[in-house]
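Each chain is listed here by its residues.
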Amino acid sequence: MSQDNPLENALVRLDEAASHLDIDADVIEKLKFARETTKVRLMIRMDDGSRKSFIAWRCRYDDTRGPTKGGIRFHPDSTAEEVETLAFWMTFKCAVMNLPYGGGKGAIQVDPRKLSKAELERLSRAYIQAFARILGPDRDIPAPDVYTNSMIMGWMADEYSQIVGQSSPAVITGKPIALGGSLGRDDATARGGFYLVRHLASDLGLSEELHVAIQGFGNAGQHMAKLMASDGHKIVAVSDSEGAVYCASGLDIAALITAKQNGRSVLATVGHGGHEALAAADLVGVQCDVLVPAAMEDMIHARNAGTVKAKLILELANGPVTPEADAILQKMGVTILPDILANAGGVTVSYFEWVQNRQCFYWELEEIHTRLRAIMEREGRAIWNVAKEKGVTVRTAAYVHALLRLAQAIEAHGTQSDFVA
């Protein structure tokens, strides 16, 4: 994420949305700042007997609409500013989907690939030990994010349960199925975006067979590739941190996923089935109908936005398009389905998991998919209508849609007019 005031850049979206609504100034004042951000230093014993420390954060940005919700990422470049920005986005994402949550986020500044499995477990449990007073099923509910997974969530949920002295599966989502996780959580982020594109296809002027390029071939990217390919579309390019591959007639998705499962790059498939090597930076400019950024923040920026040839960008990553690139793409006529809508399938199924944990009653996969599709289509259609009615981008419409819900909740507590005689 850009270190040039990332939260200030994110707040540009808030100001733009507010200009289209008649809301009280109290609302903007409350949403400009995080409610609380806690920083700690975690100390763990390494396998060689030494002790090492890691900086960690947890941000609860806003809890007006319910307990805060948001992932925990393990990344060497994480910062407090990044965590607060991600928590801001989560606040709006939950409001977009009308979930009874506010926004939160957490991070540890670490490269998990340099830790053993035992060190990773100790670090994960240390995080919960440090933040247990902040967390809770009714206060702040973490989930997986970059470089964290269901096993890590299982360790964390177990540590919290030991601290409070009772089983508390609802404190964390994204857990293994055997530990109270939800069916359908593994592909929820991609599936939500897939349902959204399919629902709005005719409005977007998309053809029956789409050519799709996916930037980032982790969990979300792989599942999106499988879903789109199974629906009759061609995945023409994918990338990971080491490079990209391209095939105009469609890549072999099974071969790509096998390579990733074996710890290799997508480049390992070059020469198979017509796969050609491509510089990772060039994927943004590939000839395609739909471009899916599914990696990190700020991947489409002022220097490469002009190369985009896609009609549609589906943001499965958080914040992959900078405000400067947004303006360029708007002039080019590229439609963007923004992150706070497009990748909200993940937090929606996390919500389903939380509900199931609290009820101690678990749903079948078909029910998960049906509920997710209904919510994605409902909120996607509402946002599309706002965009058309107000003549704004889909991104601005999503923020307007979310801000209206947040404003109603904040204003319900009273505004200046209620306290001045």
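An unreviewed UniProt entry lists the chain under the name Glutamate dehydrogenase, with Pseudochrobactrum kiredjianiae as the source organism. Quoted straight from UniProt, the Sequence similarities (unreviewed entry) entry for the chain says "Belongs to the Glu/Leu/Phe/Val dehydrogenases family."

A. Here's a closer look at the overall build of the chain. Scanning the chain for helices and strands turns up 14 helices and twelve strands. Here the chain has a C-alpha radius of gyration of 21 Å; the compact-globule value for 421 residues is 22 Å, and the two agree. Referenced to the eigenvectors of the C-alpha coordinate spread, the extents of the chain come out at roughly 65 × 60 × 45 Å. Taken over 421 residues, the chain has a buried fraction of 58%. Sequence separation of 24 or more characterises 70% of the internal contacts of the chain that already satisfy a separation of 6 or more. When the accessible surface of the chain is totalled, it reaches about 17,100 Å², and 48% of it is carbon and sulfur. Measuring between centres, the 44 positive side-chain charges of the chain sit 3 Å from its 52 negative side-chain charges.

B. Region of interest: the environment of Arg60. As for its position among the elements, Arg60 is in strand β2 (residues 51–62). In this structure, the C-alpha to C-alpha distance between Arg60 and Leu123, residues 63 residues apart in sequence, is 21 Å. Excluding anything up to four places from it in sequence, Arg60 contacts Ala34, Arg35, Glu36, Thr68, Gly103, Gly104, Ile134, Arg139 and Asp140. Among the polar contacts made by the side chain of Arg60, one reaches the side chain of Glu36 at a distance of 2.6 Å.

Rules and cut-offs
- Residues numbered from 1 in each chain as written.
- Predicted model: local features only at pLDDT ≥ 70, side-chain atom pairs only at ≥ 80, totals over all residues.
- Heavy atoms only, no water.
- UniProt positions renumbered as here; feature names shortened; annotations may be inferred.
- Helix = DSSP H or I, 4+ residues; strand = E, 2+ residues; numbered from the N terminus.
- Rg over C-alpha atoms; globule rule 2.2 N^0.38 Å.
- Buried < 20%, exposed > 50% of the residue type's maximum accessible area, 1.4 Å probe, protein only.
- Contact = heavy atoms within 4.5 Å.
- Areas by Shrake-Rupley, 256 points an atom, 1.4 Å probe, with all protein chains shown as cover.
- Lys, Arg positive; Asp, Glu negative; His and termini not counted.
- Charge placed at Lys NZ, Arg CZ, Asp CG, Glu CD.
- Polar contact = N/O pair within 3.5 Å; in protein donor to acceptor, adjacent residues only side chain to side chain.

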